[in-house]
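Residue-level listing of the chains:
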Amino acid sequence: MATTAGVYRNGNHSRNSQSTNNNKAEKPLSFNPNPKNSLKSKSLPGSGLRRSAPSSLGTAKDDTGVPGRVRVAVRLRPRNEEEMVADADFADCVELLPEVKRLKLRKNNWDSDTYEFDEVLTEFASQKRVYEVVAKPVVESVMDGYNGTVMAYGQTGTGKTYTLGRLGEEDTSARGIMVRAMEDILADVSQETDSVSVSYLQLYMETIQDLLDPTNGNISIVEDPKSGDVSLPGASVAEIRNQKSFVELLRLGEAHRFAANTKLNTESSRSHAILMVHVKRSFKGRDSILSSETGNNPHMAKSLKPPIIRKGKLVVVDLAGSERIDKSGSGGHTLEEAKSINLSLSALGKCINALAENSSHVPIRDSKLTRLLRDSFGGSARTSLVITIGPSPRHRGETASTIMFGQRAMKVENMLKLKEEFDYKSLSRRLDIQLEKLIAEHEKQQKAFENEIERVTTEAKLQISESERTYAVELEKERLNNQKEYMESIKKLEEKWMMNQQKHAGGENIAGLKDESSNWISNGEDSRVANMEELSEMKTKLQKETLLRKAAEEEVNKLKSQLAELKKSEASAKSDISKLQKKLEDEACQKEKLEGEIAILQSQLLQISFEADETARRIDKGWYEKVPGSLDSLMLQVRQPQNNDSGNGEKASIAKLFEQVGLQRILSLLEAEDVDVRIHAVKVVANLAAEGFFLVLYQHFASPSFYGQHQLIQNCASSDIPSKTNQEKIVEAGGLKSLLMLLRSSKDETIHRVAAGAIANLAMSETNQELIMAQGGIRLLSMTAGSAEDPQTLRMVAGAIANLCGNDKLQMKLRGEGGIKALLGMVRCGHPDVLAQVARGIANFAKCESRASTQGTKNERSLLIEDGVLPWIVQNANNEASPIRRHIELALCHLAQHEVNAKDMISGGALWELVRISRDCSREDIRTLAHRTLTCSPTFQAGMSRLGIDY
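Calculation criteria
Residues numbered from 1 in each chain as written. Predicted model: local features only at pLDDT ≥ 70, side-chain atom pairs only at ≥ 80, totals over all residues. Heavy atoms only, no water. Helix = DSSP H or I, 4+ residues; strand = E, 2+ residues; numbered from the N terminus. Buried < 20%, exposed > 50% of the residue type's maximum accessible area, 1.4 Å probe, protein only. Areas by Shrake-Rupley, 256 points an atom, 1.4 Å probe, with all protein chains shown as cover. Pairing = 2+ DSSP bridges. Core = buried A, V, L, I, M, F, W, Y, C linked by side-chain atoms within 4.5 Å. Contact = heavy atoms within 4.5 Å. Phe/Tyr/Trp six-rings, centres within 6.5 Å; stacked < 30°, edge-to-face > 60°. UniProt positions renumbered as here; feature names shortened; annotations may be inferred. Polar contact = N/O pair within 3.5 Å; in protein donor to acceptor, adjacent residues only side chain to side chain. Patch = residues over 30% accessible without salt bridge, like charges linked within 9 Å, V, L, I, M, F, W, Y side chains within 5 Å. Salt bridge = Lys/Arg side-chain N within 4 Å of Asp/Glu carboxyl O. Axes fitted to C-alpha atoms, helices over the stretch in contact; angles between N-to-C directions. Parallel < 35°, antiparallel > 145°, perpendicular 65-115°, else oblique. Left-handed = near helix turned anticlockwise from the far one by under 90°.

**Details of the overall build of the protein**
Counting its regular elements, the protein contains 32 helices and 22 strands. Buried positions account for 47% of the 951 residues belonging to the protein. When the accessible surface of the protein is summed, it comes to about 46800 Å², and 51% of that surface belongs to carbon and sulfur atoms.

Right, here's the structure in full:
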């Protein structure tokens, strides 16, 4: 704040000071190296007032099981220029004793009250000193997986915003707690495995608004009925990668924060600012190796432990300053703001009193501020509170009230809990990879073994075949030789016998005959001897042939024995393969078991999210309690209403229906002949497309009161949900094509309404926007807008076109297919909800054009002006409905950013509205934008001079 920009320097503080407020010694947080399975909540604990310890508001770590007290520091603001003049003759109302961590509040010149705090920071304490003793221990706890809160409380103008939110761009030593905390967080996280995201909100007039997205104006608080955790699902979440982007987000948020000029502070914050930093860190688990032996081959099996994920949340709260109306001089709307601020601070004080006194009832629900800080006081977060006070004796009453608030807060104890869980998805991926490697290795070994068996078998067959062929050839050759020799021997014997016959045929006398006979007998003997010799030689050859045959048979038997051994080896290999297959089956069973546990955990998480809000647990009355197993029974289920009383049990949720029935069956009902079945099926698709933010709100499509929630869904379009979303599944399964087909073919206006609502939800994603345009979606929506008469149908169509108008890439195509003409044509309805969606679409289109002209990619005049939208904008610029007026004022400011549009806007009467916006608009950012446009544009300056406007 402007009045608190004093000089802060390091004070001299004792590093070993005593504290007598509490005797409990603070202990460090312990990191458990062996976390148990599943989600864990470990008590961290905390700290009482320290004795003989370095000056800080608690250390980074505490022992488990010890409660942690809220740590309180007091910081004194130096006198400002006004106080130096007005209080020059008076002493400060407080006296600081930083060495003993005490503060004296003067009643008069001779009497004072003494108070003791965890830390006392003088007016000379530097921003670095304040961060180290107040916030750094909390930041270190958040990095270890705990929730932490840093909060500033005090009178308006005492330096709360300076302490927490100072950016320090001109002087880096003036950086506040927010900037320094993010520097420490980014320095400690890993960009590969960790993530840091932030949300920046303000609580203004009991309404939670998004400082990063001003159009997101009414965010609801969701409380988990089991754990009591508080979440804001409608808030924008920005991923942080570097310090520069974080500072830009802080600057953007501060520009949207409400502030006013009062007597006590020229820039008094009129809202409570809340910065939420979510830190997600991953720690690798330990791997253990188990070895076992099968036969002679050892097999190593690795049991993998999943990584541990720790989620910490840092909440930095810059409370608006309490003030007395007679001193601040607030009036009109500023007075109403002051009343709202004081009421919320009063509710916070009541809760602190009840917690300090251990009351059985804590009025936590009296204010949205106390609901948001439920975890910070009496919850599971480490909390540090810095109370800021001023030295002026004129504000002694406010100073005393602030000091007493801090004293009571010191009595509040929290039970710090560590949030950690196993990353089962990562474990599943690692097991899949390991299983695929084992399967590939087994297949490779099996293929190599089969190839080896085939090779050996082939070689054995070739050897046997070759041996048999060789034996047959040799046997046949020997037989032919023996036969030839035998025939030659027979022929010789016959020739000799014939010759002998011829010799003895004509003998003349007996002597001669006897001589001849004796010669013949002698020759016969000789022939017989020769024949016997030849026969003996043949027998010898036959014996040799027999021996060769036996040798061949032995060779064959040897080959057969080798083949038998190969078959035995093959049987042994098959046994090994079967054992490997059994091992793979066991691993598959283990994987299936783990997948089952993951599915159970996912279903439990889904059930918890649906139990958070009673509305989110119920769907349209046309569904049964159980999902049928076949398509026919599913159609009957969709067609017939629930006949049981509402007290007989809860209805099945959309998530359970989607899980049990399947998306394909649900999408198949979009083509059913029964109109009621198609209507209910489209409603289910619309609920699934809501991305988990308001999953069951489409059962109230016909209710005009649904506008606020539907607007909030559209404002959440920029949020990205990790993992494969329902929208992606619907688009991949052909759901978008089916919805567009219903718009084209159906004549039922109810189907048009719910189908357009589902397309509006799908149009939240930039990828889906391009698909809708590519499939002719804008032309179908324009045709539906031209034929529809029901305001609710027109509101859904206008909402879908408004989402498409926010895409820079689709400007020309959207205009060419009649999107702008369709928006302008729907104003005929006159319904405020329809007009609000039309105005939002025009504002989105104008914003994209303004961005294009700033980047230098567009030099022509606005397409909105060419299509005749300007007269309607001017006519409704001062509309009574605030949503319509806010969007039109934004559209006018964006159109005026491009100098080419200035002449058309002056001739169309828009200049008068710009002047009015720059003076009377309730939104400071819009008012500032209009003022800057008027003062920087030469054309508008000339127009105001010509029209006699004094500006």
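From this point, the narrative continues.
**Quick word on the pairing of strand S16 (residues 272-283)**
Bridge analysis of strand S9 (residues 195-204) against S16 gives nine bridges, and the strand direction is antiparallel. Bridge pairing in S16 links Ser195 to Lys280. Across eleven bridges, S16 lies against strand S19 (residues 308-318) in antiparallel orientation. When the sheet's bridge partners are listed, Ala273 is paired in S19 with Asp318.

**What about unusual backbone geometry?**
Its identity is not glycine, yet Lys101 carries a phi of approximately 60°, on the positive side. Tracing the backbone through its elements, the reader meets Lys101 in the loop between strand S4 (94-97) and strand S5 (102-106). For Lys101, a relative accessible area of 5% corresponds to the buried category. Here the phi dihedral of Met205 falls at roughly 55°; this positive angle occurs in a residue that is not glycine. Within the secondary structure, Met205 is located in the loop between S9 and strand S10 (207-210). Among the residues examined, Met205 registers a relative accessible area of 31% and is labelled partly exposed.

**Digging into the nonpolar core**
Nonpolar side chains in soluble globular proteins generally cluster together in the buried interior. In terms of nonpolar packing, the biggest core is built from 92 residues, with Ile801, Met826, Met905 and Phe940 touching the most fellow members. In this structure, Phe940 is in contact with Ala896, Ala902, Met905, Ile906, Leu911, Leu914, Thr933 and Leu934, ignoring residues within four places of it in sequence. One finds Leu76, Ile219, Leu385 and Phe405 within the second-largest nonpolar core, a separate group that totals 45 residues.

**Observations concerning the packing of aromatic side chains**
The full count for this structure, using the stated rule, is two aromatic pairs. When the ring of Tyr153 is compared with that of Phe405, the centres are 3.8 Å apart and the planes differ by 10°; the resulting orientation is stacked. With Tyr153 in strand S8 (residues 147-154) and Phe405 in helix H9 (residues 396-409), this residue pair connects regions lying 252 residues apart in the sequence. Note on Tyr153: relative accessible area 8%, which makes it buried. Taken together, a centroid distance of 4.0 Å and an interplanar angle of 20° make the contact between Tyr204 and Phe258 stacked. Linking Tyr204 in strand S9 with Phe258 in the loop between helix H5 (243-256) and strand S14 (259-260), this pair joins segments that are 54 residues apart in sequence. Residue class for Phe258 comes out buried when judged on its relative accessible area of 14%.

**Some points on the UniProt feature "binding site: ATP" (unreviewed entry) in the protein**
In the numbering used here, UniProt assigns the feature "binding site: ATP" (unreviewed entry) to Gly154, Gln155, Thr156, Gly157, Thr158, Gly159, Lys160 and Thr161. Inspection of the secondary structure assignment puts Thr156 in the loop between S8 and helix H3 (160-165). Mapping Thr158 onto the fold places it in the loop between S8 and H3. In this structure Thr158 comes out as buried when scored by relative accessible area, which is 4%. Within the structure, Thr158 has its side chain in polar contact with the backbone oxygen of Gln155 (distance 2.6 Å).

**So, the side chain of Ser746**
Relative to the helices and strands, Ser746 resides in the loop between helix H18 (735-745) and helix H19 (749-762). Aside from chain neighbours lying at most four places away, what touches Ser746 is Arg678, Met741, Ile751 and His752.

**Looking at a nonpolar patch on the surface**
Together, Tyr486, Met487 and Ile490 make up a nonpolar patch on the protein surface, roughly 280 Å² of accessible area in all. Mapping Met487 onto the fold places it in helix H10 (residues 424-504).

**A word on the sheet that holds S5**
Ordered in space as S4-S5-S6, the three strands form an open sheet in which the pairing is antiparallel. Since the sheet does not close on itself, it has two edges, and those belong to S4 and strand S6 (112-116), each with one partner. On average, adjacent strands in this sheet sit at an angle of 20° to one another, irrespective of strand direction. For S5 and S6, the ladder comprises five bridges, and the chain directions are antiparallel. When the sheet's bridge partners are listed, Leu103 is paired in S6 with Tyr115. Across the sheet, H9 lies against S4, S5 and S6, angled at about 145° from S5, the strand it touches most.

**Examining the pairing of strand S3 (residues 71-76)**
Within S3, six of the six residues are buried, leaving the element largely enclosed by the surrounding structure. With burial as the criterion, each face of S3 is covered, one bearing Arg71, Ala73 and Arg75 and the other bearing Val72, Val74 and Leu76. Two strands pair when backbone bridges link them, and S3 and strand S20 (residues 381-389) are joined in this way by six bridges, in the parallel orientation. Bridging across to S20, Val72 finds its partner in Leu385. The sheet contact formed by S3 and strand S7 (residues 119-121) spans three bridges and is parallel.

**Quick word on the packing of helix H15 (residues 675-689) against H19**
For any two helices packed against each other, one specifies the inter-axial angle together with the distance between the axes. Remark: H15 packs on H19, axes separated minimally by 9 Å, with the N-to-C direction vectors making an angle of 15°. With respect to their mutual orientation, H15 and H19 come out roughly parallel. For the element pair H15 and H19, the recorded crossing hand is left-handed. Contacts between H15 and H19 involve Val675, Arg678, Ile679, Val682, Lys683, Ala686 and Ala689 from the former and Thr750, Ile751, Val754, Ala755, Ala758, Asn761 and Leu762 from the latter.

**Considerations on the environment of Asp144**
Relative to the helices and strands, Asp144 resides in the loop between helix H2 (127-143) and S8. You can call Asp144 buried: its relative accessible area is 17%. The spacing of Asp144 and Lys419 is 275 residues in sequence and 9.3 Å in space, taken between C-alpha atoms.

**As for the pattern of salt bridges**
Counted under the stated rule, the structure contains 41 salt bridges. Notably, a salt bridge pairs Arg479 with Glu476, separated by 2.6 Å at the nearest N-O pair. Remark: Glu476 and Arg479 occur in helix H10; sequence separation between them is three residues, near one turn of the helix. Among the residues examined, Glu476 registers a relative accessible area of 36% and is labelled partly exposed. The partner of Arg549 in a salt bridge is Glu553, and the shortest N-O contact between them spans 3.6 Å. Of the two residues, Arg549 and Glu553 are both situated in helix H11 (residues 510-611); the distance of four residues between them amounts to about one turn of the helix.

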